[in-house]
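Letter by letter, the chains look like this.
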Amino acid sequence: MLDQIKGLHHVTSMARDARQNNDFFTHKLGLRRVKKTVNFDAPDVYHLYYGDGAGTPGSVMTYFPFPNIGKGRPGVGEVGTTVYSVPENTLAYWEKRFTDEGVNNVAREESFGEKRLAFAGPDGDGFALVEDKADGRAPWVKGGIAADEAIRGFHSVSLRLKDGGATEELLKFMGYEEVDKSGDIRRLAVKNGNGADFVDIEALPTAPFADLGAGSVHHVAFAVENRAKQLEVRKALMDTGYGVTPVIDRDYFWAIYFRTPGGVLFEVATNEPGFDKDEDTAHLGEALKLPTQHQHLRPYLEQHLQKLEG
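Keep in mind that this is a model prediction, so the values were computed, not measured.

K.L.:
Just to check I follow, could you spell out the layout of surface pockets for this structure?
P.N.:
Here the largest pocket is characterised by a volume of approximately 550 Å³. Lining the largest pocket are 37 residues, and of these G80, T81, G126, F127 and R160 sit closest to its centre. Secondary-structure elements contributing two or more residues to the lining of the largest pocket are β4 (60-65), β5 (78-86), β6 (104-111), β7 (114-120), β8 (126-131), β9 (153-161) and β12 (198-203). For the lining of the largest pocket, the element with the highest residue contribution is β5, accounting for six residues. Here the lining of the largest pocket is composed, by residue class, of 14 nonpolar, 13 polar and ten charged.

K.L.:
Explain the sheet that holds β7 to me, please; I cannot follow it from the model alone.
P.N.:
Strands belonging to one sheet form pairs held by backbone hydrogen bonds; the direction of such a pair is parallel or antiparallel. Pairing is mixed in the open sheet, where eight strands are placed in the order β6-β7-β8-β5-β9-β12-β11-β10. A strand with exactly one partner marks an edge of an open sheet, and here the two such strands are β6 and β10 (176-182). Sheet twist, expressed as the average angle between the axes of neighbouring strands with direction ignored, equals 25 degrees. Of the strand pairs in this sheet, β9 and β12 are connected by six bridges, and their pairing is parallel. By the bridge assignment, L159 is partnered in β12 with I201.

K.L.:
Could you clarify how one ought to interpret helix α4 (residues 227-239) in this entry?
P.N.:
An α-helix turns once every 3.6 residues. As a result, residues three or four positions apart point the same way. The terminal C-alpha atoms of α4, which comprises 13 residues, lie 18 Å apart, in line with the 18 Å expected from a rise of 1.5 Å per residue. Within the span of α4, buried status applies to Q230, V233, A236 and L237. Each buried residue of α4 sits inside an arc of 125 degrees when the element is viewed along its axis, so together they form one side. Looking at α4, the residues exposed on the side facing more than 90 degrees away from the buried face are K235 and D239. Where α4 is buried, its residues meet α3 (165-173), β13 (217-224), β15 (253-259) and β16 (265-273). Measuring from the side-chain oxygen of the N-cap residue of α4 to the backbone nitrogen of A228 gives 3.2 Å; that N-cap residue is N226.

K.L.:
Help me out: how do you make sense of helix α1 (residues 18-28) in this one?
P.N.:
Looking only at α1, the buried set comprises A18, N21, N22, F24, F25 and K28. In this structure D17 caps α1, since a side-chain oxygen of it lies 3.2 Å from the backbone nitrogen of R19. Once α1 finishes, G30 follows within two positions and takes phi at roughly 70 degrees, a positive value.

Rules used throughout
- Every chain is numbered independently, its residues counted from 1 as its sequence is written.
- Whole-chain, interface and lining totals are the exception, using all residues; otherwise, since this is a predicted model, local features are given only for residues with pLDDT of at least 70 and side-chain atom pairs are given and counted only at 80 or more.
- The basis for the side-chain values is all heavy atoms of the structure; hydrogens and waters are excluded.
- Every definition here rests on a 1 Å grid over the protein atoms only: cavities are sets of points where a 1.4 Å probe fits but cannot get out, pockets are open sets enclosed by protein on both sides within 12 Å along at least five of seven lines, and lining residues have some atom within 4 Å of a point.
- Grid points are joined across faces, edges and corners, and a volume is the space filled by probe spheres set on the points.
- Under the DSSP-based scheme used, a helix requires at least four consecutive residues in state H or I and a strand at least two consecutive residues in state E, with every element numbered from the N terminus.
- Only Asp, Glu, Lys and Arg are considered charged, only Ala, Val, Leu, Ile, Met, Phe, Trp, Tyr, Cys and Pro nonpolar, and every remaining residue, Gly among them, polar.
- Paired strands are those between which DSSP finds at least two bridges.
- Here an axis means a line fitted to C-alpha atoms, over the contact stretch when the element is a helix, while the angle between two N-to-C directions is reported on a 0 to 180 degree scale.
- Take the number of residues in a helix, subtract one, and multiply by 1.5 Å to get its expected span.
- Buried, partly exposed and exposed residues are distinguished by accessible area as a fraction of the type maximum, computed with a 1.4 Å probe on protein chains only: under 20%, between the cut-offs, and over 50%, respectively.
- To be clear, the arc concerns the directions from the helix axis to the C-beta atoms.
- Note on contacts: a residue pair qualifies if any of its non-hydrogen atoms lie within 4.5 Å across the two residues.
- Counting of polar contacts relies on pairs of N or O atoms within 3.5 Å, with two restrictions inside protein: one atom must be capable of donating a hydrogen and the other of accepting it, and residues adjacent in sequence are counted only when both atoms are side-chain atoms.

Here's what the structure looks like:
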């Protein structure tokens, strides 16, 4: 069993409209846009990152907003719900805020003994807030939401799978252990994590497979401290039979990818070098940052990419 993985690193999803996406996360959720860059493989499309003040691993939601993308179809083989942590006794605040801001599909829930507030993103993305009084992570407080109510970071992701057995075994190999069960949902947690410590597995044997599109999660990333730890994880996964990509430089972290038995794309990403690699921490996410190979496209991109507030 591995011990290098320290919880979630980021979650990457698909969107249709960059301006709407930016407004939802920076205004409605009060998160900080910590990086404004472009898709490595499609540089005419933004890659937007939202998180806490520093873009700490375990807090970062990222998006590829493709202007002409079709809507995703929910199903199995994907992350169904991305869950954020908020302080105890704040769901009433968030419920009112979401009502005032026109957020869709807001509903009170309870799961694993935790009070939750489910809601949808602008493309129908599945989200929830969960009250966690033990979460001591510092929030971003300049997004219009006071520290007493602000989002702390990720709490968990929920995987929807035809059969959760093989993916559960994979997660246990990655250092997770089963800590609870609620109906057909199994909860796994990593010890000594970064606060974004939980993965829930929901088995839906009769559900159709998901189709990727706007509102879909593209992949979920797990955090390791550095490149040496990442190489240890890569070797262990390959020795177990997984087809893992070579290490890819994503400017703000190094990444490896592999497909899980249930169909979900997993990434293992380093905590280094971080989002202050090319911007002062006080000005994260303000300027358009481009990968070296796309710097020659700057005049075109600055003219044609949607202008974003902030």
